[in-house]
Amino acid sequence: MNRFEDQVAIVTGGAQGIGFGIARRLGAEGAAVVLWDINEPLGAEAQQTLAGEGVTALALAVDVTRQAAVEGAVKTVLERFGRIDVLVTAAGITGQTNIQTHQVEPADFEQVMALNVKGMFLSVRAVLPAMLEADYGRIVNIASISGKDGNAGMLAYSTSKAAVIGMTKVIGKEYAETGITCNAIAPAVVRTAMVESLPAAQVKYMTDRIPMKRTGEIEEIAAVVAFAASKEASFTTGFTFDATGGRAVY
Ligand SMILES: NC(=O)c1ccc[n+]([C@@H]2O[C@H](COP(=O)([O-])OP(=O)(O)OC[C@H]3O[C@@H](n4cnc5c(N)ncnc54)[C@H](O)[C@@H]3O)[C@@H](O)[C@H]2O)c1
């Protein structure tokens, strides 16, 4: 399949983990991929890996919580490639976990919301003018099962991901009469650096709830995202796709 031939895709948080896996999949299907990540060395490494696989890739050091940085990065992409067909917003953090609400530090809550919610909003906001001009765009926001179910021990994260699902519904409706769609995907646990850094008890809590009795693979998430980001997914917007090994059946 070469569903993204001649297309340009931006992936936030694309230097590693799920974001990188998505960039790799879109690149393998023909997209030129631009990785926006705060981690510059990892971004450069990811760019090199993709280039080695024959993918046109560009890593930009971007803190997506900063409006000026995000808008500057959009300008750079348009100058370099002239178009933005796909935006996948995968940059995210969990913040503190395995604690109860009365133990959550307000500063930690703010940090999680600043990246997972505001950073996503800023990224989407910044690419929309180019997508509107082209009357085409695919926006895929990475939410989480925690945003649907609420994971005990993860107040800030679950709240932020519920906001992602809400934001996606609004954007989907607002641009439904254009060629732009906006959908989300809500994965259950996937073993990435983010999950490796969590307390074992929190990972057990999340994994125990998966009927398939296993964690997800990055490639499985990337496959669903690739569909939602493709031209084929033309009659679905504002929706949150599931990738939870049976945990969410709604
Ligand atoms: N791993 C899971 O189990 C899981 C499950 C559901 C949803 N998700 C979501 O998937 C997304 C990717 O998660 P992951 O597990 O691959 O995490 P990860 O930690 O491996 O990757 C996240 C990337 O985001 C980047 N990032 C952090 N702050 C940033 C900022 N301010 N600006 C730009 N980039 C920034 C990091 O440098 C990193 O490369 C996140 O939104 C996460 O919430 C993950």
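Scope of this entry: the structure provided in the associated data block.

What counts and what doesn't
- Residues numbered from 1 in each chain as written.
- Predicted model: local features only at pLDDT ≥ 70, side-chain atom pairs only at ≥ 80, totals over all residues.
- Heavy atoms only, no water.
- Phe/Tyr/Trp six-rings, centres within 6.5 Å; stacked < 30°, edge-to-face > 60°.
- Helix = DSSP H or I, 4+ residues; strand = E, 2+ residues; numbered from the N terminus.
- Buried < 20%, exposed > 50% of the residue type's maximum accessible area, 1.4 Å probe, protein only.
- Lys NZ or Arg CZ within 6 Å of the ring centre and 35° of its normal.
- Pairing = 2+ DSSP bridges.
- Axes fitted to C-alpha atoms, helices over the stretch in contact; angles between N-to-C directions.
- Contact = heavy atoms within 4.5 Å.
- Near = heavy atom within 4 Å.
- Polar contact = N/O pair within 3.5 Å; in protein donor to acceptor, adjacent residues only side chain to side chain.
- Areas by Shrake-Rupley, 256 points an atom, 1.4 Å probe, with all protein chains shown as cover.
- Nonpolar A, V, L, I, M, F, W, Y, C, P; charged D, E, K, R; others polar.
- Parallel < 35°, antiparallel > 145°, perpendicular 65-115°, else oblique.
- Left-handed = near helix turned anticlockwise from the far one by under 90°.

A word on the packing of aromatic side chains. Summed over all chains, the structure comprises 2 aromatic pairs. Centroid distance F227 to F241: 6.2 Å. Interplanar angle 85°. Geometry classified as edge-to-face. Of this pair, F227 sits in helix α9 (residues 218-228) while F241 sits in strand β7 (residues 240-243), and the two are 14 residues apart along the sequence. By relative accessible area, F227 is classed as partly exposed at 31%. Residue class for F241 comes out buried when judged on its relative accessible area of 14%. Between F239 and F241, the aromatic rings sit 5.1 Å apart at their centres with planes inclined by 80°, giving edge-to-face as the arrangement. Ring-pair connections join several aromatic residues into one group, and the members of that group are F227, F239 and F241. Between the NZ or CZ atom of R209 and the centre of the ring of Y205, over which it lies, the distance is 3.6 Å.

Let us look at the sheet that holds strand β2 (residues 32-37). The 7 strands are arranged β3-β2-β1-β4-β5-β6-β7 in an open sheet whose pairing can be described as parallel. Single-partner strands in this sheet number two, and they are β3 (57-61) and β7. Strand after strand, the sheet turns through a mean of 20° between neighbouring axes, direction not considered. Bridge count for strand β1 (residues 8-12) against strand β4 (residues 86-89) is 4 bridges, and the pairing is parallel. In the sheet register, V11 faces β4, and the bridge partner there is V88. Its contacts with the sheet put helix α1 (residues 17-28) on β1, β2, β4 and β5 (137-142), and the angle it makes with β1 is roughly 170°.

Here we take up the site of the ligand. For the ligand, the set of nearby residues contains 26 residues, the closest of which are I18, D37, Y157, V190 and T192. Contact distances for the ligand include 3.1 Å between an oxygen atom and a backbone N or O atom of A90. For the ligand, the accessible surface in isolation is 820 Å², of which the surrounding protein chains cover 93%. Its residues assigned to classes, the shell around the ligand shows 16 nonpolar, 7 polar and 3 charged.

This next bit is on the environment of R125. Relative to the elements of secondary structure, R125 occurs in helix α4 (residues 106-134). A residue is classified by how much of its surface remains accessible, and R125, at 43% relative accessible area, is partly exposed. Taking the C-alpha atoms as reference points, R125 and V70, 55 residues apart in sequence, are found 9.5 Å from one another. In contact with R125, not counting residues within four places along its chain, are Q67 and E71.

For the rest of this paragraph, the subject is the packing of α1 against helix α2 (residues 40-52). It is the contact of α1 with α2, at a shortest axis distance of 11 Å, that shows an interaxial angle of 25°. Accordingly, the angle class assigned to the pair α1 and α2 is roughly parallel. The chirality of how α1 crosses α2 is right-handed. Residues F20, A23 and R24 of α1 pack against A46, T49 and L50 of α2.

Worth remembering: the numbers are spatial, not functional.
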